[in-house]
Amino acid sequence: MIDLRERLDKLPDKPGVYIMKNELDEIIYVGKAKSLRKRVRQYFGSYGKSSKKVASMVSKIHDFEYIIVENEVESLVLESNLIKDNLPKYNILLRDDKQYPYIKVMLNERFPRVIKTRRILKDGAKYFGPYPDVFAVNGSIETFERIYPLRTCNLNLENVEEKSYRPCLNYYIGKCLGPCIGNVKDEDYNIMVDEVLSFLSSANNKLLDKLHEKMMDYSRNLDYENAADIRDRIKNLEYLKERQLISDPEARDDKDIIALAKGIDEVLIQIFFFRKGKIIGREHYMIRDYYNDSYDEIFSSFLKQFYIGASYIPKEIIIEDKPMDAKVLEDWLSERRGNKVTITVPIKGDKKELIKMVKRNALDMIEKYGGKYKKRAESNKLALEEIKNLIGLSDTPRRIEAYDISNISGVESVGSMVVFEAGDSKKSDYRKFRIKNVIGPDDYSSLKEVIERRFTRGVEEKKRDKNTSFSNFPDLIMMDGGKGQVNAAKEILDKLNLNIEICGLVKDDFHRTRGIIYNNKEYNVDLNSRAYKMIYKIQEEAHRFAINYHRNLRSKAMFKSELDDIKMIGPKRKENLLKHFKSIDKIKNASVEELLEVESMNEKSANSLYEHFRRTKNGS
């Protein structure tokens, strides 16, 4: 058990996200804070007893981590990303995966609109956000509409000169210039759009200056009600302008951001993972540095070791300092990825700010907790040696792979493979397997399929001299189960002529790990030993990973519309129907004539849909 009190004294008085972990190193809670120091310390004071839920969580906290960010906006967004990625037990989880809103400037339209959205599409529009405060977003869009008379309708104005429209109320009350009736030139309209874009891009403060001037005019005229309204609008707009690096809706390409911090005889390398426009997690690695190697040597060595077995290589690696043989490394990474990989050392801009954030976290971690990670590495080493001695292995296992199967009555059976190296989880090498060839709840056959698919691919990639996570074989395989599971896996390994040590993890009647099966002999494990804690952690991680994958598949299967599998109703028609009628019930009760009003529907598809629901209603 670590000394949490000592750790609490070292917390920074800065904004960030804190991550609470239990004894098995599982994330049980993610929270954000304006001041990490004040917020995290509250859990170990009176607030920690304020409710049953909080008290229960605090009683299970064995360790915590934190990520320092620039401001509260970043902490809110990062908190949301980490909760969705880790599904911590004590966080409230949204069932619909609702996203924070974005502001969308629809540059893909003639006479662009400014709207709020929660979905990012590849449609040529410009997106800004996400913004945690939906009221600030709504208020800001309303402010844009007051200052700039942009259209809010969804008319198609591409060929407005050839069509005849009747202007809406907004035109008559001066809230829209009326592009639908040709009342404004494109270039004049786009000047207003450019000012909105410039503000949202933090390029200038022209919009805020206008509002400040208007607020002062109201104030001088003693019109304090309107002055206060403008003040609130300024506040909302300033909130939107807060610098935010955690999420970038325009960033389509994945990237890793890497920085290091040097200690006396060790180096801590911090790597943040930026996926689909947002930071979803991080990892850190301690490296011995007895000879005070240069930054370029350390980075070169790290990149080779980290990516040689990585299951995924992003398009761009943003790094603090140029590694040795950078061009050779780029070529090697590009070959492994299958297309161009760039190693970037930024000088300015958002990428430079990202490096600064990662560096700040690396420096903080090594300054305050370098000793803690050394102790953990030493404890892991002793635990692995205990496992080796307990069952009589010839060598201490460095890489361990653990497998588990999850299903409910054989439905959507899935397998999981988790990887631990030197006692720590290596999540980049985790694998999910959807069971393809086994019908019904047959764990033995499912495990056989998973082991065969994993190691057949590994053998093939070794033959082609490919360095991947599949070609990197384990020193020890751990199966969730007893002799049956072990022998099922051994049968596949023998078939592939592979000599890999394999053991089973057996549980008692209360579903607690009680021992290890190795060479058909069961070895009891002392519940207080390092070996037991290591085995339990690995087994629970394999089970958690399989369960989460299974839940995801079940959720997708359940999220099927009643419009699926109807003849002549494909994805596009389904989307148009839902947009037009807004609900399945209205579609069910629609006449053929009403169905024909929907874009892309023709007589055949309308009749097919109409007849389908009549047959369903009549039970035929």
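The sections below set out a description of the structure shown in this document. The written sequence of each chain sets the order in which its residues are numbered from 1. In keeping with the predicted nature of the model, local features appear solely for residues at pLDDT of at least 70, side-chain atom pairs appear and are counted solely at 80 or more, and the whole-chain, interface and lining totals rest on all residues. Values reported for side chains reflect all heavy atoms of the structure, with hydrogen atoms and water molecules removed beforehand.

A look at the nonpolar core
As a rule of thumb, soluble globular proteins bury nonpolar side chains together.
Thought 1: Formed by 30 residues in total, the largest nonpolar core has its most connected members in Ile103, Phe144, Leu150 and Leu200.
Thought 2: Put simply, DSSP marks the helices as runs of H or I at least four residues long and the strands as runs of E at least two long, and each gets a number from the N terminus on. Looking at this core, the elements that each hand over two or more residues are strand E4 (102–105), helix H5 (134–147), helix H7 (186–200), helix H8 (206–220) and helix H9 (224–241).
Thought 3: No other element matches H7, which puts seven residues into this core.
Thought 4: Think of a nonpolar core as a cluster: buried Ala, Val, Leu, Ile, Met, Phe, Trp, Tyr and Cys residues, connected wherever their side-chain atoms sit within 4.5 Å. Each residue's exposure class comes from its accessible area (1.4 Å probe, protein chains only) as a fraction of the maximum for that residue type: buried when under 20%, exposed when over 50%, partly exposed otherwise. Ranked by size, the runner-up nonpolar core spans 25 residues in total, among them Cys503, Tyr532, Ile535 and Ile538.

A closer look at the layout of surface pockets
Thought 1: Counted as a void, the second largest pocket has a volume near 970 Å³.
Thought 2: The rule is simple: put a 1 Å grid over the protein atoms alone, call a set of points where a 1.4 Å probe fits but cannot get out a cavity, call an open set with protein on both sides within 12 Å along at least five of seven lines a pocket, and count a residue as lining if it has an atom within 4 Å of a point. Lining the second largest pocket are 27 residues, and of these Met106, Arg113, Asn154, Glu575 and Lys579 lie nearest its centre.
Thought 3: For the lining of the second largest pocket, the secondary structure elements donating two or more residues are strand E5 (114–117) and helix H16 (571–581).
Thought 4: For the lining of the second largest pocket, the element with the highest residue contribution is H16, accounting for five residues.
Thought 5: Gly is placed with the polar residues, together with every amino acid not listed as nonpolar (Ala, Val, Leu, Ile, Met, Phe, Trp, Tyr, Cys and Pro) or charged (Asp, Glu, Lys and Arg). Of the residues assigned to the lining of the second largest pocket, the class counts are six nonpolar, six polar and 15 charged. Grid points are joined across faces, edges and corners, and a volume is the space filled by probe spheres set on the points.

Brief notes about the packing of helix H13 (residues 443–463) against helix H14 (residues 483–495)
Thought 1: Where H13 meets H14, the axes come as close as 9 Å, and the angle between the chain directions of the two elements is 35 degrees. Taken as a pair, H13 and H14 cross one another with a handedness that is right-handed. Between H13, through Tyr444, Leu447, Lys448, Ile451, Glu452 and Phe455, and H14, the contact on the second element is made entirely by Gly484, Gln485, Ala488, Ala489, Glu491, Ile492, Leu493 and Lys495.
Thought 2: Residues of the contact of H13 with H14, tallied by class, amount to eight nonpolar, two polar and four charged. Comment: axis = line fitted to C-alpha atoms, over the contacting stretch for helices; angle = value between 0 and 180 degrees taken between N-to-C directions. Should the near helix be turned anticlockwise from the far one by less than a right angle, the crossing is termed left-handed; should it be turned clockwise, right-handed. In this description, contact between two residues means that some pair of their heavy atoms is separated by no more than 4.5 Å.

Examining unusual backbone geometry
Thought 1: Of note in the backbone geometry, asparagine 497 takes a positive phi value of approximately 60 degrees without being a glycine.
Thought 2: Along the chain, asparagine 497 falls in the loop between H14 and strand E17 (501–507).
Thought 3: By relative accessible area, asparagine 497 is classed as exposed at 71%.

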